Amino acid sequence: MGLIVGCGGGVADETTQEASNLETREDAIPDCSSGDSYTAYYSDASYTTEIGGRGCQCGFWVSWGKTSTYRQYFSEC
């Protein structure tokens, strides 16, 4: 019976580095003066528990929580 052991950098190190770069990335805040466009994200298809949101809401940029495939778009303040 044999045991295969590998060493070196490779994919795991590149993935870890990319994730680290995203955690510290600072993008410009979008200009919300032209109108509101907000996306609310929900935990499941019942759309009862909001888990996050992104977009312009009442003239201010909002980004909080998590995203999901269950979402609703709003364009009014």
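Residues numbered from 1 in each chain as written. Predicted model: local features only at pLDDT ≥ 70, side-chain atom pairs only at ≥ 80, totals over all residues. Heavy atoms only, no water.

Now for the overall build of the protein. Within the protein, the regular secondary structure consists of 1 helix and 4 strands. Along the protein, helices (α) and strands (β) appear in the sequence α-β-β-β-β when read from the amino end. Going through the 77 residues of the protein one by one, you find that 17% of them count as buried. With the model as given, the accessible surface of the protein reaches about 6300 Å², and the carbon-plus-sulfur share is 52%. (Helix = DSSP H or I, 4+ residues; strand = E, 2+ residues; numbered from the N terminus. Buried < 20%, exposed > 50% of the residue type's maximum accessible area, 1.4 Å probe, protein only. Areas by Shrake-Rupley, 256 points an atom, 1.4 Å probe, with all protein chains shown as cover.)

Inspection of every chain in the model, using the stated rule, returns 1 disulfide. Here Cys 32 pairs with Cys 56 through a disulfide, and the sulfurs are 2.2 Å apart. The sign of the S-S torsion, about -75°, decides the handedness of the disulfide formed by Cys 32 and Cys 56: left-handed. One end of the pair, Cys 32, is in the loop between helix H1 (11-23) and strand S1 (37-42); the other, Cys 56, is in strand S2 (residues 50-57), and 24 residues separate them in sequence. (Disulfide = S-S within 2.5 Å.)

Take the packing of aromatic side chains next. What the rule picks out here adds up to 2 aromatic pairs. Ring geometry for Tyr 42 versus Tyr 47: centroids 5.4 Å apart, planes at 65°, classification edge-to-face. Judged by its relative accessible area of 8%, Tyr 42 is buried. Among the residues examined, Tyr 47 registers a relative accessible area of 32% and is labelled partly exposed. Among the aromatic side chains, those forming a connected cluster through ring pairs are Tyr 42, Tyr 47 and Tyr 70. (Phe/Tyr/Trp six-rings, centres within 6.5 Å; stacked < 30°, edge-to-face > 60°.)

Okay, the environment of Thr 39 next. In this fold, Thr 39 is placed in strand S1. Along the chain, Thr 39 and Thr 67 lie 28 residues apart, while their C-alpha atoms are 9.3 Å from each other. With residues up to four places along the chain from it excluded, the contact list for Thr 39 reads Gly 52, Gly 53, Arg 54, Arg 71, Gln 72 and Tyr 73. (Contact = heavy atoms within 4.5 Å.)

Strand order in the open sheet made by the 4 strands is S3-S2-S1-S4, with antiparallel pairing throughout. Bordering the open sheet on either side are strand S3 (60-65) and strand S4 (70-74), each of which pairs with just one other strand. The sheet shows a mean angle of 15° between the axes of neighbouring strands, taken without regard to direction. Note: S2 against S3, 6 bridges, orientation antiparallel. Opposite Gly 53, over in S3, you have Trp 64 as the bridge partner. (Pairing = 2+ DSSP bridges. Axes fitted to C-alpha atoms, helices over the stretch in contact; angles between N-to-C directions.)

Without other data, these values stay purely geometric and don't point to any function.
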